[in-house]
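Reading the structure
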Amino acid sequence: MSTDVQRSSPPGSRKPPGPSDWERHTHQDTELVKGLGLTSATMLVMGSMIGSGIFIVSAEISRETQSPALLIGAWLITGFLTIVGALSYGELAAMMPRAGGQYVYLRESLGPLWGFLYGWTLFLVIQTGTIAAVGVAFGKFFGIFWPAISSSNWILHLWKVPKFAIGPMMLGGMDVGLNTQNFVAILVVVVLSVINIFGVKTGAFIQNVFTAAKVSALLGLVIFGIFLGRNATAVAANFGANFWHNSSLGTLHDVGGGVLVSTLTALAIAQVGSLFSADAWNNVTFTAGEVKNPNRNLPLSLALGTGVVIALYIGCNFIYLGALPLAGNPAGTTLVERGIQYAREDRVATAVITQMFGSSGGKLMALAIMISGFGCCNGLILAGARVYYAMAKDGLFFRSVARLHPQHKTPVVSLMVQMVWTCILCISGSYGQLLDYIIFAVLVFYILTIAGLFVLRRTHPEAERPYKAIGYPVLPAIYIVMALFIDVVLLRYKPQYTWPGLFIVLLGIPVYYLWSLRTQQRQPRA
């Protein structure tokens, strides 16, 4: 680890003479290799976004909205929020092209506590839990080609956690141990973590190859769907006058347990799946210290990457509606009878591909999801390690995590720490429940970061802004209002998913003060 790393002063400490914190934090990290051009940065945006969600979550959204128009509406809302968020982050990224990205923006705009809470939640649940989930999904679909890979094929079964309830939340029920499915996930995580030690260009090459493959797969789904996927029964059921079925603002929707809500509330509830499927676009900001010409390439990669992915996602959902009726019967025996709502195991894309290509369609889709998952894991592993590295430089994580590989200049210790925790989550079986809890917290941090854009416009009006957020202040303000509405609705109607996420975030507050105190005690006295 370089001995000349300058740490941000912890709360309450006297700042050393020299460049201000703001001056240091608005210039690119000098110790990192600038290995990501516009293509690699854009591929990182797209590759981190595209996982397995787009192939699955439309079934749940369809059950919640009961309307073809609202299914598309849910994805349009997700697209609007994602692209406006990306355009707003573009200004922050161009101002502060530092390793850590969103962590740095929160630290500089709202204070180090908020940056730490984001990094804490990212490490504990968001990044590592997502990597674990995507890795296990890779193993699950690998099992289609090699049946020995299964969650029921145990190598070492340690414990079956009993189910227990805390208020509206049902916790537990997971199996702890090593089976062939999560063993494959662990292999993927370990192999990609080690590969990413050997330079950001190596990790970027893998990202580019796999992102190109999965974008091509999504594009292929759309193109083949247009020419081969149209089903007369589905078209009659989903389009024309039926497209607007149940979509008026006065319609009441059952969201479970006989609870009836308005159309706007139903759309907000449906964002859990679509927002999660479109998340992780911000990961490119974590690697800002390694992006060439960041003032231009960071905002541009955010805009291009999110725009392409959202267009593909909306296109895929139109293909789903053209191939399968939205409404279905869970007891149906054919793909058309089960519809989008009750596609087997919610695998809507698999049902659509099978409709087009017969029984071989299932294997084609399994291969596409494996490619998608592998590329997604690589992007998340590459990017996430840069946040913990930035936190360690600030004295808010283990000091050794700030060490760079002496030759490749990658955050080697950060990559290994992330790898170990992710593997523990794979074995614990808890990552699935953790992921259920994070979309609320993720949205809270997006709201806070975009609010930080307003704060920095006021506190640093003279700061150099190579790119300014399009539509400021109107579009960022609309984002905040819409995201707040979604979070409030989720707190009210999905308490079993939202309150645990809030608890995980708040748990970081005492940890932050303990860590800050520890850092201050280590500071040499003047």
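Refer to the structure above for everything that follows.
Below: a short report on this structure. Since the structure is predicted, the reported quantities are computational estimates derived from the model, not experimental observations.

Conventions and cut-offs
- Residues numbered from 1 in each chain as written.
- Predicted model: local features only at pLDDT ≥ 70, side-chain atom pairs only at ≥ 80, totals over all residues.
- Heavy atoms only, no water.
- Core = buried A, V, L, I, M, F, W, Y, C linked by side-chain atoms within 4.5 Å.
- Buried < 20%, exposed > 50% of the residue type's maximum accessible area, 1.4 Å probe, protein only.
- Helix = DSSP H or I, 4+ residues; strand = E, 2+ residues; numbered from the N terminus.
- Contact = heavy atoms within 4.5 Å.
- Phe/Tyr/Trp six-rings, centres within 6.5 Å; stacked < 30°, edge-to-face > 60°.
- Axes fitted to C-alpha atoms, helices over the stretch in contact; angles between N-to-C directions.
- Parallel < 35°, antiparallel > 145°, perpendicular 65-115°, else oblique.
- Nonpolar A, V, L, I, M, F, W, Y, C, P; charged D, E, K, R; others polar.

What to know about the nonpolar core
The biggest cluster of nonpolar side chains holds 153 residues, and the ones touching the most others in it are Tyr-320 and Val-352. Top contributing element to this core by residue count: helix α15 (residues 360-393), with 19 residues. Tyr-320 has contacts with Ile-54, Phe-55, Ser-58, Leu-221, Ile-340, Val-348, Ala-349 and Val-352, leaving out every residue within four places of it along the chain.

So, the packing of aromatic side chains
Under the definition given, this model contains 25 aromatic pairs. Seen from their ring centres, Trp-75 and Tyr-313 are 5.5 Å apart, and the 80° between their planes marks the pair as edge-to-face. With Trp-75 in helix α4 (residues 68-95) and Tyr-313 in helix α12 (residues 294-323), this pair connects stretches of sequence that are 238 residues apart. When its relative accessible area of 1% is taken as the criterion, Trp-75 is described as buried.

Observations concerning unusual backbone geometry
In the segment running from Tyr-472 into Pro-473, the intervening peptide bond is cis, with an omega of 0°. Within the secondary structure, Pro-473 is located in the loop between α17 (431-459) and α18 (474-493). A positive phi is found at Gln-66, a non-glycine position, where the angle reads about 60°. Summarising the element assignment, Gln-66 is placed in the loop between α3 (58-65) and α4. With phi around 80°, Ala-280 is a residue other than glycine that occupies positive phi space. Topologically, Ala-280 is positioned in the loop between α10 (263-277) and α11 (283-286).

Describing the packing of α10 against α18
At a minimum axis distance of 9 Å, the contact between α10 and α18 shows a crossing angle of 95°. One finds that α10 runs roughly perpendicular with respect to α18. Residue-level contacts link Leu-264, Thr-265, Ala-268, Ile-269, Gln-271, Val-272 and Leu-275 of α10 to Phe-485, Ile-486, Val-489, Leu-490 and Tyr-493 of α18. Its residues assigned to classes, the contact of α10 with α18 comprises ten nonpolar, two polar and no charged.

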